[in-house]
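Examination of the molecular architecture
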Amino acid sequence: MKDRLRGMQQSLKRFNIDAMLVNKPENRRYLSGFTGTAGSLMIDNNKAYLFTDFRYVEQAKEQSPDFTLVQIGNDYYQKVLHLLQQRGLKKIGFETDFVTHESFAKLQQELSGIQLFPVKNITEELRLVKDMEEQQLLQKAVDIVDQAWSEILSIAKPGMTEEKLALELEFIMRRKGAEGRAFDFIVASGERGALPHGVASQKEMKPGELVTIDCGAVYNGYHSDMTRNFMLGKPNQKQQDIYNIVLEAQMAGVEAVRPGVPAATVDLAARNVIERHGYAQNFGHGTGHGVGLAIHEGPRVSFNEQLVLQPGMVLTIEPGIYLPGWGGVRIEDIVLVTESGGRVLTKTPKNQLPVI
Ligand code: ZN
Ligand code: ZN
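All figures in this text were calculated on a predicted structure; none of them were measured in a lab. (Residues numbered from 1 in each chain as written. Chains lettered and ligands numbered in written order. Predicted model: local features only at pLDDT ≥ 70, side-chain atom pairs only at ≥ 80, totals over all residues. Heavy atoms only, no water.)

1. A word on the coordination of the zinc ion (ligand 2)
- Taken together, the protein ligands of the zinc ion (ligand 2) are Asp-225 (OD), His-289 (NE2), Glu-318 (OE) and Glu-332 (OE), with distances of 2.0 to 2.1 Å.
- Each of the 4 donor atoms bound to the zinc ion (ligand 2) contributes to angles spanning 78 to 155°, and the resulting shape is irregular.
- Counting residues between consecutive donors of the zinc ion (ligand 2) along the chain gives the motif D-x63-H-x28-E-x13-E.
- Between the zinc ion (ligand 2) and the zinc ion (ligand 1), a spacing of 3.1 Å is present, and a bridge between the two is formed by Asp-225. Of this pair, Asp-225 sits in the loop between strand 11 (222-223) and strand 12 (226-231) while Glu-318 sits in the loop between strand 15 (314-317) and strand 16 (320-323), placing them 93 residues apart in sequence. Neither residue differs from the other here; Asp-225 and Glu-318 are each classed as buried. (Donors = N, O, S within 2.8 Å, 3.2 Å for Na, K, Ca; no water. Tetrahedral: all angles 85-135°; square planar, octahedral: opposite > 155°, others 65-115°. Helix = DSSP H or I, 4+ residues; strand = E, 2+ residues; numbered from the N terminus. Buried < 20%, exposed > 50% of the residue type's maximum accessible area, 1.4 Å probe, protein only.)

Pasting the structure below:
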């Protein structure tokens, strides 16, 4: 945590502010280790404060030893103001993409004499590169999904509803140590496969259908994210062909991951394969996204993302083809950027379309 705090203190200089208020839960957790649902950080050049109420005092002491704990009741603003004045801090940053207009108005009213400075992504930029501890937690979240997938293949059968399958999958993950699901699982069978975000429904899965499942586990706050497909019965030619194209695109994306290239290069590598096969119009989303304390974070893996990949970044590669009235296929792995290229953390096989 000390390294992360130091990173933030360097960023204060770069953003030209005296201190930063951090309220977004995943940023708060990243910088302090605090997992309570109510709390606020204030970090200046050489001090870090954690404001929380009576319910979380003991937890905060234990989780955030590098922070000075300030217990608050209804006096949060007064206590922040007092500290700012005491330490002679004038220009304070707040998270512009998290603080509501109402909270901002309140800050402005209560922190008189302090200049409030809108700041975007100051902690998110630090979170882009994962340290060893984070990489291990992410790997654990990925392992849980890998294990759950091999079990779910033996449970899935025609006649089962998508929702039932999603529920079973979550149950297996929880049993294997997940603290929760990373998002509402997508289970899209048959024609529903054309919906890139087709959350599991009451629809029964039928013989002859191709099923797309997008799922993930949370482990110690870190998210995994994987998409795989299976067939109920033997695939027809078109199902096999579309699967092969998406697989080729996904592997081209993985292949393109290396330090020093803009994220857009990875997107284009996958996108070009799909375009070459004539399905450009049927791949309407970015190739992937960063993943960590949030299910979607930087870097975006999209055609115009110039952010340059660095070792320690973790991203998904998930191209897909969606054909209205027919269905769809998407394949998604989590990839760690290393000095020598992309290392796929997901172990679930993808070379064959599983048949049940
Ligand atoms: Zn996903
Ligand atoms: Zn994803």
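From this point, the narrative continues.
2. Structural notes on the nonpolar core
- Membership of the largest hydrophobic core comes to 57 residues, with the highest contact counts inside it found for Leu-165, Met-173, Ile-213 and Phe-230.
- Ranked by residue count, the leading element in this core is helix 7 (residues 132-155), at 8 residues.
- When residues of this core are assigned to domains, at least three map to each of domain 1 (2-127) and domain 2 (132-344). (Core = buried A, V, L, I, M, F, W, Y, C linked by side-chain atoms within 4.5 Å. Domains from an automatic or database assignment.)

3. With respect to the pairing of strand 12
- When you tally the buried positions in strand 12, you get 6 out of 6 residues, the bulk of the element.
- Side chains Met-226, Arg-228 and Phe-230 project from strand 12 onto one buried face, and the interleaved Thr-227, Asn-229 and Met-231 project onto a second face that is buried too.

That's the geometry; what it means functionally is another story.
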